[in-house]
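Descriptive structure summary
Chain by chain, the residues run as shown.
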Amino acid sequence: MSDLHHFRLSIEGMSCASCVGRVDKALKAVPGVTGASVNLASETAQFDLSNQGNLSDVAEALETAGYPARIQKVTLSIASMSCASCVGRVDKAIAAVAGVLDVNVNLASETATVTYLEGAVEVSDLIAAATAAGYPAELVEGEAVTGRSARKQAEASALAGRMAFAAALALPVFVLEMGSHVIPGMHELIGRTIGHQTSWILQFALTTLVLVGPGRSFYTKGFPALLRGAPDMNSLVAVGTSAAYLYSVIATFLPALIPAEVRAVYFEAAAVIVVLILLGRYLEARAKGRTGAAIEKLLGLQARTARVVRDGEIRDVPIEEIRAGEILVVRPGDRIAVDGEVTEGTSYIDESMITGEPVPVAKAAGDAVTGGTVNGAGSFRLKATRVGGDTTLSQIIRMVEQAQGAKLPIQGMVDKITLWFVPAVMAAALLTVLVWLIFGPTPALSLALVAGVSVLIIACPCAMGLATPTSIMVGTGRAAEMGVLFRKGDALQLLANVDVVAFDKTGTVTEGRPELTDLELAKGFTRADVLALVAAVEEQSEHPIGEALVRAARSEELPRHAVTEFISITGFGVKARVNGHDVMVGADRLMERERLDPGALRDSEQLMAKRGRTALYAAIDGQVAAVIGVADPVKQASAAAIAALHDLGLKVAMITGDKRETAEAIGREAGIDDVIAGVLPDGKVAALDRLREGGRKVAFVGDGINDAPALAHADVGIAIGTGTDVAIESADVVLMSGDLRGVVNAFEVSRRTMANIKQNLFWAFGYNVALIPVAAGVLYPASGVLLSPVLAAGAMALSSVFVLSNSLRLRRIRPLMDERIKLATTDIAQPAVPVPAQ
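Sequence order sets the numbering: in each chain, residues are counted from 1 along the sequence as written. Only residues with pLDDT of 70 or above have their local features reported here, since the model is predicted, and side-chain atom pairs are shown and tallied only from 80 upward, although totals for entire chains, interfaces and linings are computed over all residues. For side-chain calculations, the full set of non-hydrogen atoms in the structure is used, while hydrogens and water are omitted.

**Side note on the sheet that holds strand β2 (residues 33-39)**
Note the following rule: For two strands to be treated as a pair, DSSP must find no fewer than two bridges joining them. Under the DSSP-based scheme used, a helix requires at least four consecutive residues in state H or I and a strand at least two consecutive residues in state E, with every element numbered from the N terminus. Whenever a helix is involved, its axis is fitted only over the stretch in contact; in every case the axis is a line through C-alpha atoms, and angles between N-to-C directions fall within 0 to 180 degrees.
One open sheet holds the three strands; their spatial order is β1-β3-β2, and the pairing between them is antiparallel. Of all the strands in the sheet, just β1 (4-10) and β2 have a single pairing partner and so form its edges. In this sheet, adjacent strand axes meet at a mean angle of 15 degrees when their direction is disregarded. Relative to strand β3 (residues 44-50), β2 is paired through five bridges, and the arrangement is antiparallel.

Here it is as structure tokens:
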């Protein structure tokens, strides 16, 4: 069992990049926590927790820091409880699930109300815990966990209501105060009618309602953060608007305290700033909801219920309650609920959500099916093999969530800056006020107040905090829709810096399904005898070449022999005792090792290699009996994909165990720049080091089965999945499709996302560098221009909205290979390519 457990919590109260830094610091201070990564856009924190750590300590640390983890409450119906001891056992079982904060089991109503940390626990985990304790649990009808998108929608709706209410109150304030500056005669009109003092009192009343009503959260969050010595964006707004409001209150009710020449009110600034910031946060909430659209789409692929055979009856059961081993009935058009194996019936399944291939796949008894795929016109039964969080779709969702919450290396620089940014802004605002008071012209006090408040309001670290995570969320989400899963978030950045792409051959460049093409015999041997003996040995091997020989023997209906003393010699071949004969099958290096002379067959072997075949020898009873030629067709998309990688400025290499002649033939056919041949399985790591010479960054693409060391050793490991086999631990990136189009698309997403992040950071930092001095009044001596706090609030809101809108453009990334593949399939004749020697 692993010593580390991965958790992903939803965090409340984060409003800017400085908040991210404080949450990160709070997490890292908890014993047992490693690898913390905090994401402002998704409002989540990911981290690994050792067995010695305690999740409740994490929750307590976050609460103390002022950023509590979001909690959820759910009610379960519990069966089989008959006494108080049952209640205790259910309570104990559910409470033992990491992330559960409180359990309330009620014997009378046969329910359990569970409070838990959102993200750390799935409802299916709670149901499984109670069921495993002997008390089957179900989700009470009507209970549901609010999804992130729905929560953001609700948050946006609430902000829209607050903003509308604040705007309705602020509009009269704005008209009364600012109308006098833009409408001729309005100042005199107010003086002749209600009077200026009454106007100020009305503004005071309406502004007070704005601040204590819609704007209250800025003060309830901002001032406590300030008192903790950890000011955030709310603190800037709270201090800035409070300064303008309190100055105006004194001018209104205690005018003698302020000299007549600087006696003025700024109620409209305080009220309108709140309105504009609420508008910005409303647009931000809407945009944040859209950044998680990919996850919502994936979640939408999950069936909610399934028809399960229980006690001889077919029942509709929520997917959380399906158990491994149960039989499910799938009707025409149903979305399959869990991963399983067909036990009865036939149909065609639309697996495009997994593989990207639009053509439905035929399924019959014994075939595997994947949860989330869609049944065609047939009906069948399946046995559930992977349920809950173990299904392929759940693994994909988990990978995307982890990648979206990852912290890229570039984010480290941002975090260091933003952690001290808010205190620095407050110091700059104070310095601005002092400079204006000392050196400013009359009315210095009013000008100092305007400049100080403008600095506080315009210096928004929100855009800085959102610049990287929003791009990551949208980019990795779009990649998932294209069949590219970034298992490790930093691969998104590392991939953009790669210089060389190295491919394993079998199953990567080629189909991985070789076919027997040649069988040259030595004197005294017959095809039937040799092929039958060789196939018997290869049937014990899992190597693709063995499957080709076995298929050939079966197609010719040759007899099957018993095998004993089977030995696999890594990198050389195999040998065994078959039907009284000693049989060896392998590359020429196996014959050299065993000191067997191929004789005249050597010329045939070399000719096969030149023709692009993989040539192997078969030896029977110490004599070379035959040379075997096997070819593996190049995948349809490989040549076009390699050409597309060249267009991106990348060098392409191939690492194979084939002989030099054979490997170079493949390289010429596929357009590969650098062929490294004759490599044993454990030599791929050394081959990657060779490609790294000169400081080049290398990505390795393999099938994830026997390439784990190379995938882990490369700067970026890219595993080609098999549709359902997506949990490849050694890889940084997993491609759900079986061809190389995904490699090109992965590079396209990486480059476009990193370019987007750089644009966002340039805007976020450039905005503050340019506008903080303007807000402080550097243009005033030359031009008489002093930025209004209201305009500062508008600019501040605009900066965050710009960053989010720019990130959302990544949703429009299109697969780079679509048109290229059409050309490849119609214009390029795909050659047969050899398979690797054993």
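Still more to cover.
**Quick look at unusual backbone geometry**
In this structure, the amide linkage connecting T442 to the following residue, P443, adopts the cis form with an omega of 0 degrees. With respect to the helices and strands, the residue P443 is situated in the loop between α14 (409-439) and α15 (444-458). In the Ramachandran plot, S80 falls in the positive-phi region, its phi being about 75 degrees despite a non-glycine side chain. Within the fold, S80 resides in the loop between β4 (71-78) and α3 (84-95).

**Quick look at the confidence of the model for the protein**
Keep in mind that low pLDDT regions are not for reading the predicted coordinates in detail. For the record, the criterion: Summary of the metric used: pLDDT quantifies the predictor's per-residue confidence within the range 0 to 100. Contact criterion: two residues are considered in contact whenever any of their non-hydrogen atoms come within 4.5 Å of each other.
Taken over all residues, the pLDDT of the protein has a mean of 83, while the share at 70 or more is 92%. When the elements of the protein are averaged for pLDDT, helix α30 (residues 818-827) gives the smallest value, 40, and strand β10 (residues 327-330) the largest, 95. Scored below 50 in pLDDT, residues 819-838 makes 76 contacts in the model with residues more than four places away or belonging to other chains.

**Focus on the UniProt feature "domain: HMA" (unreviewed entry) in the protein**
We apply this condition: UniProt positions are given in the numbering used here, feature names are shortened, and annotations may be inferred rather than shown by experiment.
Using the residue numbers shown here, the UniProt feature "domain: HMA" (unreviewed entry) corresponds to residues 5-70 and 72-138. Between the end C-alpha atoms of residues 5-70 there is a gap of 19 Å, over a span that is 35% helix and 30% strand. Split by type, residues 72-138 is 33% helix and 34% strand. Its first and last C-alpha atoms lie 17 Å apart.

**Observations concerning the sheet that holds strand β6 (residues 111-117)**
Judged by pairing direction, the sheet is antiparallel, and its four strands sit side by side in the order β5-β6-β4-β7 without closing on themselves. For this open sheet the edge positions go to β5 (100-106) and β7 (137-139), each flanked by a neighbour on one side alone. Averaged over all pairs of adjacent strands, the angle between strand axes in this sheet comes to 30 degrees, irrespective of strand direction. Across three bridges, β4 lies against β7 in antiparallel orientation. Its bridge partner being in β7, L76 is matched across the sheet by L139. The strands touched by helix α4 (residues 123-132) are β4, β5, β6 and β7; relative to β4, the strand with the most contacts, the crossing angle is about 35 degrees.

**A word on the environment of G366**
We apply this condition: Residue burial is assigned from relative accessible area. The probe radius is 1.4 Å, only protein chains are included, and a residue is buried under 20% of its type maximum, exposed over 50%, and partly exposed in between.
Position of G366 among the secondary structure elements: in the loop between β12 (361-363) and β13 (368-369). Assessed through its relative accessible area of 46%, G366 is described here as partly exposed. In sequence terms G366 and V342 are 24 residues apart; their C-alpha atoms lie 5.4 Å from each other.

**So, the pairing of strand β17 (residues 500-504)**
Most of β17 sits inside the fold, with five of its five residues counted as buried. Burial of the side chains of β17 extends over both faces: V500, A502 and D504 are buried on one face and V501 and F503 on the other. Where β17 lies against strand β24 (residues 651-655), five bridges are found, and the strand directions are parallel. Pairing of D504 across the sheet is with I655, part of β24. Bridging between β17 and strand β26 (residues 698-702) involves four bridges; their strand directions are parallel. By the bridge assignment, V500 is partnered in β26 with V698.

**Digging into helix α24 (residues 660-670)**
Residues spaced three or four apart along an α-helix face the same direction, because each turn holds 3.6 residues. Of the residues making up α24, those classed as buried are T662, A663, A665, I666, G667 and A670. Backbone geometry just after α24 places G671 at a positive phi near 80 degrees.

**Quick look at the side chain of T44**
Assignment of secondary structure puts T44 in strand β3. When residues no more than four places from it in sequence are discounted, the contact partners of T44 are R8, L9, S10, I11, M14, S37, V38 and N39.

**Structural notes on the packing of helix α19 (residues 527-538) against helix α20 (residues 544-555)**
A packed helix pair is summarised by two numbers, namely the angle formed by the two axes and the spacing between the axes. The cut-off we apply is this: Roughly parallel refers to an angle under 35 degrees, roughly antiparallel to one over 145, roughly perpendicular to one between 65 and 115, and oblique to any angle outside these ranges. With the far helix as reference, a near helix turned anticlockwise by less than a right angle produces a left-handed crossing, and one turned clockwise produces a right-handed crossing.
Running from N to C, α19 and α20 point in directions that differ by 135 degrees, and their axes come no closer than 8 Å. The pairing of α19 with α20 is recorded here as oblique in orientation. Considering how the two elements wind past one another, α19 and α20 form a crossing that is left-handed. Note on element contacts: α20 touches α19 through I545, G546, L549, V550, A552 and A553, opposite L531, V534, A535 and E538.

**Description of a nonpolar patch on the surface**
Test applied: Only residues whose relative accessible area exceeds 30% and that take part in no salt bridge are eligible for patches, with like-charged residues grouped when within 9 Å of each other and nonpolar side chains (Val, Leu, Ile, Met, Phe, Trp, Tyr) grouped when within 5 Å. Accessibility throughout is a Shrake-Rupley quantity obtained with a 1.4 Å probe, and a residue counts as covered only by protein chains that appear here. Criterion for a salt bridge: a side-chain nitrogen of Lys or Arg within 4 Å of a carboxyl oxygen of Asp or Glu.
A grouping of L430, L431, L434, V435, L437, I438, F439 and L445 is seen on the molecular surface, where their side chains present a nonpolar patch of about 800 Å² in accessible area. Ranked by the residues each element gives to the nonpolar patch, the list is headed by α14, at seven residues. By the secondary structure assignment, L431 is in helix α14.

**Things to note about the UniProt feature "transmembrane region" (unreviewed entry) in the protein**
The positions UniProt marks with the feature "transmembrane region" (unreviewed entry) are residues 159-178, 198-215, 236-258, 264-283, 417-439, 445-468, 761-780 and 786-804. Helix makes up 83% of residues 198-215 and strand 0%, whereas the separation of the span's terminal C-alpha atoms amounts to 24 Å. With 85% helix and 0% strand, the stretch residues 761-780 has end C-alpha atoms that lie 28 Å from each other.

**A short note on the packing of aromatic side chains**
Formally: Each Phe, Tyr or Trp ring, with Trp reduced to its six-membered ring, pairs with another whose centre is within 6.5 Å; inter-plane angles below 30 degrees give stacked pairs, above 60 give edge-to-face pairs, and intermediate values give tilted ones.
On inspection of all chains with the given rule, the structure shows 10 aromatic pairs. With 5.9 Å between their ring centres and 70 degrees between their planes, Y245 and F267 make a pair best called edge-to-face. Taken as a pair, Y245 in helix α9 (residues 233-253) and F267 in helix α10 (residues 267-291) lie far apart in primary sequence, 22 residues in all. On the numbers, 5.2 Å between centres and 75 degrees between planes, the contact of W436 with Y780 is edge-to-face. Pair noted here: W436 is in helix α14 and Y780 is in helix α28 (residues 780-783), with a separation of 344 residues, a long-range link.

**Remarks on the packing of helix α27 (residues 741-776) against helix α29 (residues 789-808)**
Stated formally: Polar here means any residue outside two lists: the nonpolar Ala, Val, Leu, Ile, Met, Phe, Trp, Tyr, Cys and Pro, and the charged Asp, Glu, Lys and Arg; Gly therefore counts as polar.
In contact at an axis separation of 9 Å, α27 and α29 are set at 170 degrees when each is read in the N-to-C sense. When the interaxial angle is binned, α27 and α29 end up roughly antiparallel. Together, N756, Q759, N760, W763, Y767 and L771 of α27 and A792, A795, M796, S799, F802, V803, N806 and S807 of α29 make up the contact between the two elements. Of the residues in the contact of α27 with α29, the class split is eight nonpolar, six polar and no charged.

**Re the pairing of β6**
A large share of β6 lies buried, amounting to six of its seven residues. Pairing between β4 and β6: seven bridges, direction antiparallel. The partner of T75 across the bridge, within β6, is T113. Remark: four residues form the turn of the hairpin made by β5 and β6, two consecutive strands paired antiparallel; E110 in that turn has positive phi of roughly 55 degrees.

**Some words on the pattern of salt bridges**
The final tally for this structure, using the stated rule, is 23 salt bridges. A salt bridge links E326 to R310; the nearest nitrogen and oxygen atoms lie 2.7 Å apart. One end of the pair, E326, is in the loop between β9 (313-318) and β10; the other, R310, is in strand β8 (residues 305-310), and 16 residues separate them in sequence. Accessibility classification places E326 together with R310 in one group, the buried group. Between E326 and R323 there is a salt bridge, and its shortest N-O distance comes to 3.7 Å. Salt bridges sharing common partners tie together R310, R323 and E326.

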